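# Secondary and tertiary structure notes
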Amino acid sequence: RTSVARGGPPMNECLAGNLGPPKFCAKSPCGRLGTCCNFFPFLEKYRQQILLFIFVVNVATFIPAIMALFAAARGKQLVLVNWANLDANLKNGEPDGHLYVGFYGVYERGGFAGRTFLSWNELKDYVPPGKKDNLSSCKHSAKDVISTAAMGLFTILPSLAAIWTRKYFDNGCNKFVGVLSGVAGGISSISSLATFRNACYRNLPTTFYSDGVNIGSADKSLGPGFTCEIVVIIVCIFTGLVHLILPVPPNSDPLIAGDNSRDDSGADDKL
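Residues numbered from 1 in each chain as written. Predicted model: local features only at pLDDT ≥ 70, side-chain atom pairs only at ≥ 80, totals over all residues. Heavy atoms only, no water.

Turning to the pairing of strand β6 (residues 213–222), a few remarks are in order. Judged from the four bridges that link them, strand β5 (residues 207–210) and β6 form a sheet pairing that is antiparallel. Within the sheet, the bridge partner assigned to F208 lies in β6 and is G216. Where β5 folds back onto β6 in an antiparallel hairpin, the turn is made up of two residues, including D211, whose phi is positive at roughly 55°. (Pairing = 2+ DSSP bridges. Helix = DSSP H or I, 4+ residues; strand = E, 2+ residues; numbered from the N terminus.)

This next bit is on the state of the cysteines. Per the stated rule, a full pass over the model turns up one disulfide. There is a disulfide in this structure between C138 and C200, and the S-S distance comes to 2.1 Å. Handedness of the C138-C200 disulfide follows from its S-S torsion of about 100°: it is right-handed. One end of the pair, C138, is in helix α6 (residues 134–154); the other, C200, is in the loop between α8 (172–199) and β5, and 62 residues separate them in sequence. A relative accessible area of 2% means that C200 is categorised as buried. (Disulfide = S-S within 2.5 Å. Buried < 20%, exposed > 50% of the residue type's maximum accessible area, 1.4 Å probe, protein only.)

In this section: the packing of aromatic side chains. Following the criterion strictly, the structure yields six aromatic pairs and no others. Aromatic pair F55 and W164: ring centres 5.2 Å apart, planes at 45°, arrangement tilted. Of this pair, F55 sits in helix α3 (residues 47–69) while W164 sits in helix α7 (residues 156–168); the two residues are 109 residues apart in sequence, bridging distant segments of the chain. Relative accessible area serves as the criterion here: at 41%, W164 is assigned to the partly exposed category. Where W83 meets F103, the ring centres are 5.2 Å apart and the plane angle is 65°; that geometry is what we call edge-to-face. One end of the pair, W83, is in the loop between α4 (78–81) and β1 (84–90); the other, F103, is in the loop between β2 (98–101) and β3 (105–109), and 20 residues separate them in sequence. Under the relative-accessibility criterion, W83 is labelled buried at 0%. Look at F103 and you get buried, because its relative accessible area is 2%. Cation over ring: K167 sits above W164, and NZ or CZ is 5.9 Å from the ring centre. For K220, the ring lying beneath its charged end belongs to Y201, and the centroid distance is 5.0 Å. (Phe/Tyr/Trp six-rings, centres within 6.5 Å; stacked < 30°, edge-to-face > 60°. Lys NZ or Arg CZ within 6 Å of the ring centre and 35° of its normal.)

Turning next to the nonpolar core. Membership of the largest hydrophobic core comes to 45 residues, with the highest contact counts inside it found for W83, W120, F196, L204 and F208. The element best represented in this core is α6, accounting for eight residues. The contact partners of W120, leaving out residues within four places of it in the chain, are V101, G102, F103, Y104, G105, V106, L135, C138, K139, C200 and L204. Counting seven residues, the second largest nonpolar core, distinct from the first, contains L43, L51, I54 and V242. (Core = buried A, V, L, I, M, F, W, Y, C linked by side-chain atoms within 4.5 Å. Contact = heavy atoms within 4.5 Å.)

Purely spatial values, then, with no claim about function.
So, in structure tokens, the structure goes:
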């Protein structure tokens, strides 16, 4: 005797792992993705190793994804996770300053302003009068950069779920979720990089003034936080492509097509 979950398949099928996608999914275009883009059937031989590899890579990607978001800090953490940095060359004999750019301002270390953290409004006191408004774009773009970078982080979770699910009971829907999460994460991270570079990085000052007097210049460069987000993009797109070209096992074909042979009402009679 086998017990039957209400409205579901017999318990012996559950224990055997012979679970197909829900009917609405099996009959939808996403469920049929399992028959698409199977250009490399030989990959089936190594599917477990491939899925384990991209699972480990995605877990490891949490580190750079979180580090990139730590640029929202207002302290010395910005030395390690800044999205850009400015090396100031001062003319007044003071030690040269180093400015580490975060989402809400810059962390200062050296003899530049004598303060630890300068918000975008405070940094305006040290830029030429005609370029003060340029820093407003950094302030206004912070929310967009954070939200898109966070979305890139959170899309790793459904990607991990799709990878783990495909290891044990694969179907077109799981493949679809894997491809979609990878593409969505990549696009979100690309959007955050483009927003920061266009709205903030290009507007960072390269000359500094105090009371209308030029006190020095600066060389700017992209920082490790920006690089971390590039790593997230590469992993997300790579993961989506692997999901796309990794074939669904042949014995899953009936599930992809929508297994009409399974009669749920009949299953309820198998008690």
